[in-house]
Amino acid sequence: MYVCGPTVYELPHLGHGRFTLVWDVARRWFTFQGLQCSLRLEHHGHDDNIINRANREGTSELEVAKTYEDYWWDAMGRIVWPSP
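Residues numbered from 1 in each chain as written. Predicted model: local features only at pLDDT ≥ 70, side-chain atom pairs only at ≥ 80, totals over all residues. Heavy atoms only, no water.

A. The arrangement of the overall build of the protein in detail. Within the protein, the secondary structure is distributed over three helices and two strands. Expressed along its principal axes, the backbone C-alpha trace of the protein runs to roughly 50 × 20 × 20 Å. Sequence-distant contacts in the protein: of pairs separated by 6 or more residues, those separated by 24 or more amount to 68%. Carbon and sulfur atoms form 56% of the exposed surface of the protein, whose accessible area is close to 5800 Å². If the 8 positive side-chain charges of the protein are averaged to one point and the 11 negative ones to another, these points end up 9 Å apart. (Helix = DSSP H or I, 4+ residues; strand = E, 2+ residues; numbered from the N terminus. Contact = heavy atoms within 4.5 Å. Areas by Shrake-Rupley, 256 points an atom, 1.4 Å probe, with all protein chains shown as cover. Lys, Arg positive; Asp, Glu negative; His and termini not counted. Charge placed at Lys NZ, Arg CZ, Asp CG, Glu CD.)

Take a look at the structure:
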């Protein structure tokens, strides 16, 4: 399954947790039913929110996206996945 993930420009919130849990449960259900299934998420790294935050903080878009993606993986790992 290929799922469009969050735009990472802010700390994760409850909606991210719900979204992550729903897709993880779906993946587990398909696997339980005997299907081969993997889950891939795409994080959005170029977005007006990321650009604006980078400009406010005087940093790069890549740095903002990487910083908040790391926060996202840490938070979601506590719910369903081990850290990458």
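Now that the structure has been shown, we can carry on.
B. Region of the structure containing the packing of helix 2 (residues 48-57) against helix 3 (residues 61-79). In the contact formed by helix 2 and helix 3, the axes pass within 8 Å of each other and the chain directions differ by 105°. One element, helix 2, and the other, helix 3, form an angle in the roughly perpendicular class. Across the interface between the two elements, Ile-50, Ile-51, Arg-53, Ala-54 and Glu-57 of helix 2 pack against Glu-61, Val-64, Ala-65 and Tyr-68 of helix 3. Here the contact of helix 2 with helix 3 is built from residues that sort into six nonpolar, no polar and three charged. (Axes fitted to C-alpha atoms, helices over the stretch in contact; angles between N-to-C directions. Parallel < 35°, antiparallel > 145°, perpendicular 65-115°, else oblique. Nonpolar A, V, L, I, M, F, W, Y, C, P; charged D, E, K, R; others polar.)

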